[in-house]
Structures are given as C-alpha cells and as structure tokens.
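The primary structure of each chain is shown beneath.
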Amino acid sequence: MPPRQQAVEPSPTPSFQVFARIRRSDWDTTPGWLRVAQLLLVLGILLAGGVAAYDTNARVNTTGDIAGSLEPLNGTVSTLYRSLADADATVAKEYLSAGMQPNETLIPYGDDVHTAATSLALAGTQAGAEPATAKLIADITSQLPEYTGLVERARANNRQNFAVGASYLRSASALMQNTILPETAKLQQRQAARLGDAYQQAGSVPFVALAFCLLSLAGLFWAQVFVFRRTHRVFNVGLVLASVAVLTGLLWWTVAGVASARSLTRALGHSRSVSDALAPAQIDALNARALESLELVDRDAPSLEAYFDNRMRLLAGNNGALDTAERFATDQKGKALVQTAVEAARGYATAHAGVEQLDGDGKYLEAVDAAVHTTAAMAFNRLGAALQAAVDYEHGAFTTDIERAQGRLDDLPIGTVVLTLVAMTAVAWGFQRRLEEYR
Amino acid sequence: MSTRFALACSVLAAVVLVAAGQGSASAVRPAVGRAPGPAPATPACNQQNVLASLRPQGPLPDPGQMPLGSTMARIAKRGSLIVGVLQDIPPLASRDLNRQPVGFDIDVARDLAKAIFGDPGRVVFQPLPEVDRFTTVRSGQVDLTVAAASITCPLRDQVDFSAVYYEAGQRVLVDSDSDFTGIDSLGGKRVCAAQGSTSLTHLQAAASKPVPVGMATETDCLMLLQLGKVDAVSTDDTILAGMKAQDLRTAVVGPQFSEEPYGVVINKNTPDLVRFVNAVLAARIADGRWLASYQHWLKPLGPAPAPPTPQYQD
C-alpha cells in the first residue's frame with residue numbers, strides 16, 4: 001500500500017497548473033470576468049427557471065389530478081357506499097311494507113343495486129393500477145351478487161308469506177353491514193388518504209425552487225455591483241430588466257402559490273367534511289334505518305335495539321359523525337346545514353322511540369305503519385334530506401375552491417418559462433453590450 | 001361464500017349467546033345443583049313430577065267476573081291480556097297476510113282472553129325473541145307466554161308452567177332427495193337447531209353424534225338447509241311441519257326422539273293465574289276447541305291424537 005500511494009501523489013499538480021495557465025491568460029481580465037459572469041448568470045437563471053417551471057407544472061398536474069381523477073374516484077366510492085347502505089335500508093323497509101303498498105319500494109332498491117354495480121365498475125377504471133384499491137373493489141364486486149341473491153330469496157319467500165324470508169333478510173343485512181360496508185369503508189379511507197397526500201403535495205412550500213430564485217436574484221445583484229466597479233456604469237439595462245423579470249416571477253409565484261394553497265386547504269376541508277363526516281353520517285343513518293325495519297321483520301331473533309342505539313351514537317352522539325362535520329364546517333351556511341341535520345337526527349331518534357313504544361305496547365301494526373309510512377318514515381326522510389343538503393353544499397364549495405386553486409396556477413408554468421427566457425436574454429444582452437466595448 | 005356465511009352466522013350466534021347469558025344461563029344448570037335453602041313450597045322437580053301443574057280450584061269464573069284481588073282481576077282491570085308469542089314458527093304462531101297473529105299457540109292465547117273478558121280479541125300479542133321467552137315472564141313484561149315452550153326441570157326453577165297443552169316431539173327435516181332416514185342416519189352430519197332450545201340439547205346428546213349447529217332462530221336453520229349449509233334441521237315436529245309447508249322439497253323423517261310437552265309460561269308469583277289457565281285448558285279440551293284448533297293448524301302431522309291428559313299438584 002505505501003509504494004502505491006507514493007506513485008499516485010504527484011499526479012494532481014499538473015491539472016492545477018493547466019487551470020492556472022488558462023486562468024492567467026484568459027480569465028483575469030475585465031472582459032474575461034464579464035464572460036464568466038454572463039455564463040454563470042444565464043445558467044443560474046435557466047436552472048432557477050427550470051426548477052420553478054418543473055415545480056409549478058407538478059403542482060398544476062397534482063391539482064389537476066385531484067380535480068380530475070382522485071376526487072371523482074372519491075365521489076364514486078361515496079356513491080357506492082351510500083347506495084349499498086341505502087339498498088340495505090330500502091330492502092328491509094320493503095320487506096316490512098310488503099302487502100301494505102305493493103311494490104312501492106321495489107324501484108329504489110333496484111336503483112341502488114344498479115348504482116352500486118355501476119360505481120364499482122367505474123371505480124375499477126378510475127382506480128387505475130393501485131393494487132390495494134383494486135383488491136378491495138374486486139372483493140366488494142364478488143360479494144354484491146351474494147347479497148342480492150339472499151335479498152331475492154328473502155323477497156320470494158316474503159311474497160308467499162313464508163317465515164324463512166326473515167332469516168334471508170337478516171343474513172343479507174348481516175352480510176351488508178358486517179362485511180361489505182366495512183370493506184367499502186376501507187376503500188373510502190384508502191381514497192381519502194391518497195387524496196390527502198395529493199393535497200399535501202400540491203400545497204407544499206416549494207423551498208428548492210424558491211432557493212434557486214433567490215440565488216439568481218443575489219447573482220444578478222452581485223453582477224450589477226461587479227459591472228459598476230469594473231466599468232463605472234451605474235445601471236446596466238439588461239441586468240435591471242433581468243432582475244425585474246426574476247422579481248416578478250418570484251412575486252407572482254408567491255402570491256399565486258399562497259392563494260392556491262389557501263384554496264386547496266379550503267377544498268380539502270370541504271372534501272374531508274364529506275368523506276370523514278357527512279358520508280359516514282349518511283351510512284350510520286341508513287344502517288340505523290335498516291335495523292329499525294329488520295327489528296320489526298324478524299321478531300324471533302334477539303333484539304337489535306342495542307345496534308340501533310350504537311348507530312345513532314355514531315351519527316349524532318358525542319364525537320359522532322355530525323360533531324365532526326360541525327368542526328369541519330368553515331362557514332355559517334355549512335354549520336347551519338349540519339345543525340339542521342343534528343336536529344333531524346334527534347327527531348328521528350324520537351320517532352324511533354315512538355315505534356319502539358308502540359311495538360312494546362303490542363301495537364305491531366301501528367309500529368310497522370309508523371316505521372314504514374308515518375312518523376319514523378317521515379323523520380328519517382327529513383334526516384336523509386338534511387344530510388344530503390349538507391353534502392351537496394360542501395361538495396359545491398369544494399368544486400368552487402378546487403377550481404379557484406387551479407385558476408390561480410393556470411398561467412404560472414408558461415409565465416415562468418417566459419420570464420426565465422426574458423431574464424436570460426436580458427442578462428446575455430446586458431453583458432454583451434459591455435463586452436462589445438472591449439473589442 | 002361459506003366462510004362469509006359462517007361469519008354472519010357466528011355474529012348471530014354471538015348475539016344470541018350474549019343475550020342468553022343475561023337471563024337464561026341457569027337454564028342449562030341441572031335442577032339437582034340447586035343451592036340448599038328454605039324448603040321449597042313445591043317438591044323438588046324430577047322426571048315424575050315435572051309436568052304436574054297447580055290444580056284448578058273450583059269452576060271457572062264467568063268472563064268479566066274475576067275473583068276480587070286475583071291476578072286475573074288485575075288483568076281484567078287493565079283491559080287486555082298481554083301474551084308473549086313467537087311469530088315465525090307456523091303453524092304454532094305466525095302472521096297471516098293481514099299481519100294478524102295466527103296459529104295453534106295463538107288460539108290458546110285467544111281462548112285465555114275469552115275466558116277473562118268474554119272477548120278473544122282482548123289480547124295484546126307481544127312478539128318476543130326466542131331467547132327472551134322466559135326472562136320476559138319473570139320480569140312481568142308479559143302476563144304469560146305461549147310460545148312452543150317445552151316444560152323442563154331447569155326452566156321450572158325460573159318460571160311456572162301450566163299443564164301440558166300439546167305433546168310435541170323432536171324429529172328431523174331433510175332434503176327430500178337425500179337418503180337420510182332420521183336422526184340415527186345423521187352421524188357426523190351438520191344438524192341445525194335454535195340456540196338455547198331443548199332441541200339443541202337433545203342433538204348434543206344424540207347417540208348417532210351429529211354435529212350440532214346452533215342458530216338464532218329455527219327458521220335460520222331452514223335457510224341453512226336450503227342453502228346447503230347443513231344436512232338437516234331438527235326441532236319439534238310441529239315446527240318442522242310448518243317448515244315443510246314453506247319448502248315442498250323437504251321431508252320430515254324418522255321417529256320422534258324426544259318428548260316436548262308444551263306449557264304456558266307463567267310467573268312464579270302468580271299461582272292463581274296458573275290455576276286459572278289450567279282450568280281454561282281443561283275446558284277447551286272438554287268442549288272440543290282443542291281438537292278444532294288441531295284440525296285447523298296441525299292436521300299435516302297426522303290424525304288428531306288424544307288431547308294431553310293434565311297432571312296436577314296441589
């Protein structure tokens with residue numbers, strides 16, 4: 001090892017000597033330094049502009065992804081979730097009301113299943129190649145026919161007034177509430193997480209691009225001082241123009257970035273208000289409604305009242321879905337809509353207690369009528385409408401904010417490129433004019 | 001599909017177990033295990049005296065003329081008799097197309113109301129989950145329960161029973177295309193019964209060693225049979241007849257392998273009501289209402305047997 005080291009050691013010196021020769025002959029003159037400064041600045045601005053353009057473009061793309069693909073998928077999954085829970089509630093109600101008003105609720109159930117199947121297919125294409133999401137979608141897709149099969153058997157038996165129909169209905173509902181809906185919830189959480197990541201990415205502070213911009217500005221300032229010292233000219237029009245271009249870019253960038261990030265944050269708030277609070281609230285309400293009907297259908301099985309109470313707690317209890325929705329609501333209108341839903345939930349709970357009371361008094365027919373047609377049915381419809389109004393409002397607010405966030409960024413990539421070109425040209429031109437004086 | 005079904009079933013089963021654990025855990029406790037205490041008013045329950053119910057005293061009072069201070073007078077004052085029933089076990093109890101409770105058990109309840117009020121319509125039917133059939137009588141939520149309840153010593157610890165109003169027996173229901181001929185041919189096969197029922201206990205004790213599957217209700221068992229998840233359903237022949245009516249491709253096979261004497265479930269604190277009910281049961285056997293009810297609901301079981309002979313104690 002030692003001999004080898006001795007052999008290598010002298011080698012660096014010659015290259016330094018070459019450097020020194022070049023430096024002495026070419027660099028160390030005013031025009032030489034001007035050329036170096038020109039080159040460094042043009043390259044620096046190109047780099048800063050490139051990084052900025054890349055960052056902006058990525059930001060625009062991510063925001064576009066949110067608006068164009070992630071959020072629609074989120075919406076599709078929400079639709080799927082709701083239509084499944086709605087099918088469960090509708091079919092139990094239908095079972096209970098069979099013979100009272102024939103086929104009154106057949107169409108909504110069919111629509112729900114149709115919507116669910118369509119949403120699953122749509123989600124499959126929207127999800128692209130995300131394996132975890134694809135697996136969940138495949139699982140739910142394979143369970144849906146099993147669920148509808150049980151429902152059809154329940155309905156066929158109910159048409160004959162056969163008691164075994166109630167068992168099929170309870171099994172179908174158990175499959176829905178204990179397996180399919182939790183899997184759909186997982187799918188929705190997965191989407192919410194992806195969406196959250198995208199928002200984070202789109203709204204983050206672009207430190208690297210900012211650093212390059214500030215470095216370019218510093219470089220331009222240094223160049224002007226240098227040019228002043230060497231040539232005793234106070235202003236170099238090219239350099240001033242370049243500085244103005246970079247400063248403009250920086251300002252535009254900051255203002256648009258901050259404004260866009262703010263709109264994004266608001267959009268995220270609205271989106272999460274739906275996905276984390278209002279959509280779960282809709283599911284809880286529908287599950288409770290299904291249990292209410294099921295309880296009246298299948299009397300020989302153990303009481304489901306504890307499950308009903310639990311659903312209502314998840315909906316309107318402390319730290320329930322509606323509590324969360326109220327925290328997410330950013331404006332008066334949003335808060336007022338959630339408040340309406342809270343009152344509607346209270347109204348439904350009271351109406352359900354009335355059904356229980358009737359049933360407890362042995363007034364089964366009155367209890368069924370209250371659950372299917374009158375008090376509880378109307379209270380539930382009010383709750384459903386209140387929740388849907390809150391969802392629609394938040395969704396509208398989301399659309400406005402995400403469009404605003406996109407609008408703020410719209411001209412930024414092309415603007416960044418133009419400003420970069422302007423600054424580069426101006427620097428090159430400014431130095432060239434000085435250099436020409438040395439010819 | 002099978003695992004998911006098993007999941008759904010186990011959820012149901014869990015619900016049953018939780019509910020059962022609250023009230024009827026002592027149902028599985030043998031009577032001999034009773035803690036020693038002050039001498040009971042009635043002699044210890046055994047196979048010989050399990051069916052002996054309190055003897056009716058004197059002739060039945062006329063409807064609307066209940067003895068002063070009696071439980072029946074209290075019920076008469078209220079205006080209706082509250083009866084716990086099941087509603088998914090035709091032909092014993094189910095709802096007709098107008099949602100009115102009907103069936104062999106329901107007839108008993110209506111006759112009891114008729115004896116108190118002179119009006120068989122003065123009865124409030126309180127549908128009960130199977131697991132709550134005895135706890136609701138104990139808590140006083142219902143005056144009495146007519147719900148295919150078999151009289152057993154362990155249950156006598158918790159509630160009182162009327163004299164026997166029907167003698168059912170456990171058999172098995174199988175797919176009519178299958179080769180099963182009865183409980184003896186079902187060794188190692190999955191046979192379903194309701195959780196907490198005497199049927200399940202008898203399955204567990206069966207000599208052929210079938211694999212018992214416990215579900216929340218009897219009709220769950222019929223569903224599993226239709227879905228091919230079990231090989232047979234086993235419960236009282238009365239209920240099996242109702243299942244066969246819901247699925248013509250099934251058959252009730254083999255001999256009865258248990259005796260299921262049905263009694264009206266009554267609170268231990270109302271012995272006067274027990275005596276009154278027994279008087280009504282005896283009267284409806286004597287005047288042919290029992291036979292008429294059998295002909296209407298249980299005819300598919302075969303020609304009417306002799307009505308049960310009541311056994312009494314004083």
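Residues numbered from 1 in each chain as written. Chains lettered and ligands numbered in written order. Predicted model: local features only at pLDDT ≥ 70, side-chain atom pairs only at ≥ 80, totals over all residues.

**As for the sheet that holds strand 4 (residues 93-95) of chain B**
Residues and elements named next belong to chain B.
- Read across the sheet, three strands follow the order 3-4-5 without closing on themselves; strand pairing throughout is antiparallel. Where the open sheet ends on each side, the last strands, each with one partner, are strand 3 (88-89) and strand 5 (101-102).
- Relative to strand 5, strand 4 runs antiparallel, the two sharing two bridges. Bridging from a neighbouring strand, Ser 94 pairs with Val 102 of strand 5. (Pairing = 2+ DSSP bridges. Helix = DSSP H or I, 4+ residues; strand = E, 2+ residues; numbered from the N terminus.)

**Remarks on the nonpolar core**
- Among the nonpolar cores identified, the biggest contains 213 residues, and A:Ala341 and B:Val233 are the most heavily contacted of them.
- For this core, the element with the highest residue contribution is helix 8 (residues 237-297) of chain A, accounting for 23 residues.
- Excluding its chain neighbours within four sequence positions, the residues that come into contact with B:Val233 are B:Val172, B:Leu173, B:Cys192, B:Cys221, B:Leu222, B:Leu225, B:Leu240 and B:Met243. (Core = buried A, V, L, I, M, F, W, Y, C linked by C-beta atoms within 7 Å. Buried ≥ 20, exposed ≤ 12 C-beta atoms within 10 Å, placed from the backbone. Contact = placed C-beta atoms within 7 Å.)

**Structural notes on the environment of A:Ala277**
Residues and elements named next belong to chain A.
- Considering the arrangement of structural elements, one finds Ala 277 in helix 8.
- Between the alpha carbons of Ala 277 and Phe 328 there is a distance of 8.2 Å; along the sequence they are 51 residues apart.
- In this view, Ala 277 contacts Ala 321, Thr 324, Ala 325 and Phe 328; residues no more than four positions away in its chain are not counted.

**Some thoughts on the interface of chain A and chain B**
- Between chain A and chain B, the contact holds 23 residues from the first and 31 residues from the second.
- For the side of chain A that touches chain B, the secondary-structure elements that each account for two or more residues are helix 6 (164-203) and helix 12 (364-372) of chain A.
- The dominant element in the side of chain A that touches chain B, judged by the number of residues it contributes, is helix 6 of chain A, at nine residues.
- Among the residues making up the side of chain A that touches chain B, the classes are represented as eleven nonpolar, eight polar and four charged. (Nonpolar A, V, L, I, M, F, W, Y, C, P; charged D, E, K, R; others polar.)

**Thoughts on the packing of helix 10 (residues 321-328) of chain A against helix 11 (residues 332-360) of chain A**
All names here are of chain A.
- One can describe the packing of helix 10 onto helix 11 by two numbers: an axis separation of 9 Å at closest approach and a directional angle of 165°. The pairing of helix 10 with helix 11 is recorded here as roughly antiparallel in orientation. When you trace helix 10 past helix 11, the crossing you get is left-handed. For the pair helix 10 and helix 11, contact is made by Leu 322, Ala 325 and Glu 326 and by Lys 335, Val 338, Ala 341, Val 342 and Ala 345, respectively. (Axes fitted to C-alpha atoms, helices over the stretch in contact; angles between N-to-C directions. Parallel < 35°, antiparallel > 145°, perpendicular 65-115°, else oblique. Left-handed = near helix turned anticlockwise from the far one by under 90°.)

**Overview of helix 7 (residues 207-231) of chain A**
Residues and elements named next belong to chain A.
- Its 25 residues give helix 7 an end-to-end C-alpha distance of 36 Å, which sits within 8% of 36 Å, the value for a rise of 1.5 Å per residue.
- Taken together, the buried positions of helix 7 are Ala 209, Phe 212, Cys 213, Ser 216, Gly 219, Leu 220, Ala 223 and Val 227.
- Those residues of helix 7 hidden inside the fold are in contact with helix 3 (30-97), helix 8 and helix 14 (412-436).
- Of the residues one or two after helix 7, His 232 is the one with positive phi, at around 55°. (Expected span 1.5 Å × (residues − 1).)

**Some details on the environment of B:Leu301**
All names here are of chain B.
- For Leu 301, the location among the structural elements is in the loop between helix 10 (289-297) and strand 14 (311-313).
- Its 17 C-beta neighbours within 10 Å are what place Leu 301 among the partly exposed residues.
- The spacing of Leu 301 and Leu 240 is 61 residues in sequence and 9.5 Å in space, taken between C-alpha atoms.
- Discounting residues that sit within four places of it in the chain, Leu 301 has contacts with Asp 237, Thr 238 and Ala 241.

**Looking at helix 7 (residues 218-226) of chain B**
Residue and element names in this part refer to chain B.
- The buried count for helix 7 comes to nine of nine residues, which makes it a mostly enclosed element.
- Considered for burial, the residues of helix 7 that qualify are Glu 218, Thr 219, Asp 220, Cys 221, Leu 222, Met 223, Leu 224, Leu 225 and Gln 226.
- Two residues or fewer past helix 7, Gly 228 is found with a positive phi of approximately 75°.

**So, the pairing of strand 10 (residues 211-215) of chain B**
Residues and elements named next belong to chain B.
- The sheet contact formed by strand 9 (residues 190-194) and strand 10 spans five bridges and is parallel. What sits directly across from Val 191, in strand 10, is Pro 212.
- Once you follow strand 9 into helix 6 (residues 198-205) and on to strand 10, the crossover reads as right-handed. (Right-handed = clockwise from strand over helix to strand, strands pointing away.)

**Concerning the confidence of the model for chain B**
Residue and element names in this part refer to chain B.
- Counting all residues, the mean pLDDT for chain B is 88, and 87% of those residues have values of 70 or more.
- Per-element mean pLDDT across chain B ranges from 41 in helix 1 (residues 2-23) up to 98 in helix 3 (residues 104-117).
- Every residue in residues 1-40 is under pLDDT 50, and counting partners more than four places away or in other chains gives 56 contacts.
- Reported confidences for the modelled complex are a pTM of 0.82 and an ipTM of 0.83. (pLDDT = per-residue confidence, 0-100.)

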